[in-house]
Amino acid sequence: MTLEWNEQAQQEGTVLYTLSCAGNDEDAIKAGVEAALEKAVSLLDRNVRDDSRYLLCEWDADAARLQVVVSDDSKTKDAPEAVECCFEPFDAALDVALLQFLIRDYLTTCTAFLGWSLLAAFHEGDRQRSRLL
């Protein structure tokens, strides 16, 4: 499967890298999740600052969108570059536990991520209720 990233300039100095992932079976979802995480990890050297604490994986089920961003302790100050993967078509019944498993599985075996002092967290709409992965 060929994945094509799009770069979109956002608010003042921020960039959002987007990817549309076709398919809603487990293999397509895994490919999209891994591509998003790989892209986010490749940007860590530009995104991690002294106050960076979390690699936040944000799931929006209504939009079928996974966003990955580096954030600070308060989860309010994000790094200037974020990654987003949208799944189309999408089965709204996707098991969130599967999504979390795929993220955890990738990050725990990614040596490039493990070299950073970041905590991986996941949430479904409320950053303050994030769960560590």
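Draft legend 1. Here's a closer look at the nonpolar core. Counting residues in each nonpolar core, the largest one holds 36 residues, and the members touching the most others are Val33, Phe87, Ile103, Leu107 and Phe113. If you list the elements that add at least two residues to this core, you get strand 2 (15-22), helix 1 (26-42), strand 3 (52-60), strand 4 (65-72), strand 5 (81-88), helix 3 (96-108) and strand 6 (119-123). Look past the residues within four positions of Val33 in its chain and what remains in contact with it is Leu66, Phe87, Leu99, Leu102 and Ile103. Tyr54, Val69, Ala82 and Ala121 belong to the second largest nonpolar core, which has six residues in total.

Draft legend 2. Region of the structure containing unusual backbone geometry. Unusually for a residue other than glycine, Ala64 sits at a positive phi of about 50°. Mapped onto the fold, Ala64 is located in the loop between strand 3 and strand 4. Backbone geometry at Lys75 places phi at a positive 60°, although glycine is not the residue there. Along the polypeptide, Lys75 turns up in the loop between strand 4 and strand 5. Residue class for Lys75 comes out buried when judged on its relative accessible area of 11%.

Draft legend 3. Helix 1, seen in detail. Over its 17 residues, helix 1 extends 24 Å from the first C-alpha to the last, a length consistent with the 24 Å expected when each residue adds 1.5 Å. Three or more residues of helix 1 are buried, namely Ala28, Ile29, Gly32, Val33, Ala35, Ala36, Leu37, Ala40 and Val41.

Draft legend 4. Local environment of the pattern of salt bridges. Summed over the entire model, instances satisfying the criterion amount to nine salt bridges. One salt bridge in this structure joins Lys77 and Asp51, with 3.5 Å as the shortest N-O distance. With a gap of 26 residues between them, Lys77 in the loop between strand 4 and strand 5 and Asp51 in the loop between helix 2 (44-47) and strand 3 connect regions that are remote in the sequence. Asp73 is the salt-bridge partner of Arg53, the closest N and O atoms lying 2.6 Å from each other. Highlighted residues: Arg53 in strand 3 and Asp73 in the loop between strand 4 and strand 5, separated in sequence by 20 residues. What makes Arg53 partly exposed here is its relative accessible area of 36%. It is possible to trace a salt-bridge network through shared partners that takes in Glu58, Asp78 and Arg127.

Rules used in this analysis
Residues numbered from 1 in each chain as written. Predicted model: local features only at pLDDT ≥ 70, side-chain atom pairs only at ≥ 80, totals over all residues. Heavy atoms only, no water. Core = buried A, V, L, I, M, F, W, Y, C linked by side-chain atoms within 4.5 Å. Buried < 20%, exposed > 50% of the residue type's maximum accessible area, 1.4 Å probe, protein only. Helix = DSSP H or I, 4+ residues; strand = E, 2+ residues; numbered from the N terminus. Contact = heavy atoms within 4.5 Å. Expected span 1.5 Å × (residues − 1). Salt bridge = Lys/Arg side-chain N within 4 Å of Asp/Glu carboxyl O.

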